[in-house]
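Below, each chain spelled out in residue letters.
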2 protein chains.
Amino acid sequence: MTGNKSPESAAIRLSLYLRHLRKMKKERVISSEELARFIGTSGARVRKDLCYFGQFGTTGKGYLVRELQEEISKILGLNRVWDIALVGVGKLGSALLGYDGFRKSGFNIRIGFDVKSNIIGKKIVGVPVYHPYQIPKMIRERKIRMGIVAVPAKAAQESIDLFVISGVEAILNFSPIAVVAPSYVKLMQADLTNQLEIMSYSIINKAKKETQTRIS
Amino acid sequence: MTGNKSPESAAIRLSLYLRHLRKMKKERVISSEELARFIGTSGARVRKDLCYFGQFGTTGKGYLVRELQEEISKILGLNRVWDIALVGVGKLGSALLGYDGFRKSGFNIRIGFDVKSNIIGKKIVGVPVYHPYQIPKMIRERKIRMGIVAVPAKAAQESIDLFVISGVEAILNFSPIAVVAPSYVKLMQADLTNQLEIMSYSIINKAKKETQTRIS
DNA sequence: GAGTGTGAATGTATTCACAGCA
DNA sequence: TGCTGTGAATACATTCACACTC
């Protein structure tokens, strides 16, 4: 049976598997253990992840590289191009616009929004910039389903609300603030300061654990 | 008893609690329910998170704002300044160097490394750039404990290895590739392409779920 | 009475272990 | 024999519910 409900954490790893498969040129087949080694996980986990979505392997042999690549692309929805809207064309926003990796993976930032009048109406890295009040109109017109928020903290919730009413279905938020969205919108946090804070915590905590171990 | 082992997921939320406490100017006391509302979680979870680390509240009243702020800062190790090293001073790296939010939260990128000869020896946004072969020497000299990796995929593992042998204890990796580090080094992924891929997956998947529901 | 601190119950993800097929 | 697919067992995280304190 394939009907086990798939944890989203599996999706995170699927895209890592996919990247490795894409790099494989010669081999026609790969085992779960082998694939696991490149991602830093276990064969069991690879098999489990894949088995949530179907039966792609050949017992006793492994997985056909090209076939598996195709299947994972389908599962993740990567056999197409995604258009994306960006609010906040500052330093970080511009860097994202110029990042080739997105385009290579089929993610195209097509339109930018910012309140700074000196860039409105211009193109930044080839992408036209509009005032945020145009968000609903432009996004509906272009049927854009993904948004990126790279504005200062105090404008973040507002930007997200605009995306939501425009029908955006998934949002990546870089602003260092807790924001909310309706449950039918996928909201992902890319809060870099938060990441550094967790790093700080784990350094501190590791030191504490070691001390405790030494004492006891 | 305070001795419940604390999940790391609690640490992620602690930093969100802290941000809200910092913004509070007038109130001297706050209840778990109230704090929860701003983060988009439940009072029970706030209390649980805090109770992993100690007893900070007053039964029947709530938590003293300033005291709780101080305690969380201590737990996360944010009552100090962290020096950080950055490998890869390209578009994204430069944007990170120029990002004020880090400095405001006590994270200081002090030194950059890149292979591009036209920026080696110069300062980018006030931060000196060196060749990566200098990583071990410079990092040990300056006792830097955190690193950020913003290089192209094929140079990522190499950069991480250099950080590891230099004694860096926590690394934030932006490269879109699966990398590994010894278990005593905290490795965090800020793989933006991966985030977009997960967004793609959840849009596709949501559509599927809806169809299924409609049918059944 | 209002609100914390925390066991117990539930839900979710990971790991184990092995039957069964090529 | 080698490797997949997958139940069962374990570990981990969240939510519930309430005794207890100020």
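Values in this document were obtained by computation on a predicted structure and should not be read as measured data.

1. Focus: the relation of the copies chain B and chain A
Next, step 1: Take chain B, turn it by 180 degrees, move it 0.0 Å along the axis, and it overlays chain A with an RMSD of 0.1 Å. One copy is carried onto the other by what is essentially a two-fold rotation axis. If distances are taken from each C-alpha of chain B to the rotation axis, the shortest is found for B:Ala95, at 3.2 Å.
Next, step 2: By residue overlap, the copies meet face to face through one surface: 100% of the interface positions of chain B are interface positions in chain A.

2. A short note on the pairing of strand S7 (residues 127-130) of chain B
Regular strands have side chains that alternate between both faces of the sheet.
Residues and elements named next belong to chain B.
Next, step 1: For strand S5 (residues 107-113) and S7, the ladder comprises 2 bridges, and the chain directions are parallel. Across the sheet, the residue bridging to Gly-112 is Val-129, located in S7.
Next, step 2: Sheet analysis places strand S6 (residues 123-124) next to S7, joined by 2 bridges and oriented antiparallel. Paired with Lys-123 across the bridge in S7 is Pro-128.
Next, step 3: Hairpin remark: S6 followed by S7, antiparallel, with 2 residues in the connecting loop; positive phi at Val-125, about 50 degrees.

3. Considerations on the interface of chain B and chain A
Next, step 1: Taken together, the contact between chain B and chain A spans 59 residues of the former and 59 residues of the latter.
Next, step 2: Of the roughly 5,400 Å² buried between chain B and chain A on both sides combined, carbon and sulfur atoms contribute 67%.
Next, step 3: Summed over the shared surface of chain B and chain A, the result is 5 salt bridges.
Next, step 4: A salt bridge links A:Arg19 to B:Glu197, with the nearest nitrogen and oxygen atoms 3.5 Å apart.
Next, step 5: Counting across the chain B and chain A interface gives 21 residue pairs in polar contact (both at pLDDT 80 or more).
Next, step 6: Residue contributions to the side of chain B that touches chain A peak at 14 residues, all from helix H9 (residues 192-215) of chain B.
Next, step 7: Looking at side-chain class alone, the side of chain B that touches chain A contains 36 nonpolar, 13 polar and 10 charged residues.

4. Concerning the sheet that holds strand S3 (residues 62-64) of chain B
Residue and element names in this part refer to chain B.
Next, step 1: Pairing in this open sheet of 3 strands is antiparallel, and the strands run S1-S3-S2 from one edge to the other. The open sheet terminates on both sides in strands that have one partner only, identified here as strand S1 (29-30) and strand S2 (57-58).
Next, step 2: In terms of strand pairing, S1 meets S3 through 2 bridges, oriented antiparallel. For Ile-30, the partnering residue across the bridge sits in S3 and is Tyr-63.
Next, step 3: Packing against the sheet, helix H4 (residues 65-76) makes contact with S1 and S3, and its axis sits at approximately 75 degrees to S3.

5. Quick word on the packing of aromatic side chains
Next, step 1: Per the counting criterion, the structure on display carries 6 aromatic pairs over all chains.
Next, step 2: Seen from their ring centres, A:Tyr99 and A:Phe102 are 4.8 Å apart, and the 80 degrees between their planes marks the pair as edge-to-face.
Next, step 3: Summarising the aromatic geometry, the rings of B:Phe113 and B:Tyr130 are spaced 6.3 Å apart at their centres and angled 45 degrees between planes, so their arrangement reads as tilted. Separated by 17 residues along the polypeptide, B:Phe113 in strand S5 and B:Tyr130 in strand S7 bring together distant segments of the chain.
Next, step 4: Classification of B:Tyr130 by relative accessible area gives partly exposed; the value is 22%.
Next, step 5: If you follow A:Arg80 out to its NZ or CZ, it ends over the ring of A:Trp82, 3.8 Å from the centre.

Reading the values: rules and limits
- Residues numbered from 1 in each chain as written.
- Chains lettered and ligands numbered in written order.
- Predicted model: local features only at pLDDT ≥ 70, side-chain atom pairs only at ≥ 80, totals over all residues.
- Heavy atoms only, no water.
- Least-squares fit on C-alpha atoms with pLDDT ≥ 70 in both.
- Contact = heavy atoms within 4.5 Å.
- Pairing = 2+ DSSP bridges.
- Helix = DSSP H or I, 4+ residues; strand = E, 2+ residues; numbered from the N terminus.
- Buried area = accessible area lost by both parts, 1.4 Å probe.
- Salt bridge = Lys/Arg side-chain N within 4 Å of Asp/Glu carboxyl O.
- Polar contact = N/O pair within 3.5 Å; in protein donor to acceptor, adjacent residues only side chain to side chain.
- Nonpolar A, V, L, I, M, F, W, Y, C, P; charged D, E, K, R; others polar.
- Axes fitted to C-alpha atoms, helices over the stretch in contact; angles between N-to-C directions.
- Phe/Tyr/Trp six-rings, centres within 6.5 Å; stacked < 30°, edge-to-face > 60°.
- Buried < 20%, exposed > 50% of the residue type's maximum accessible area, 1.4 Å probe, protein only.
- Lys NZ or Arg CZ within 6 Å of the ring centre and 35° of its normal.

No statement about biological role is implied by the geometric values presented.
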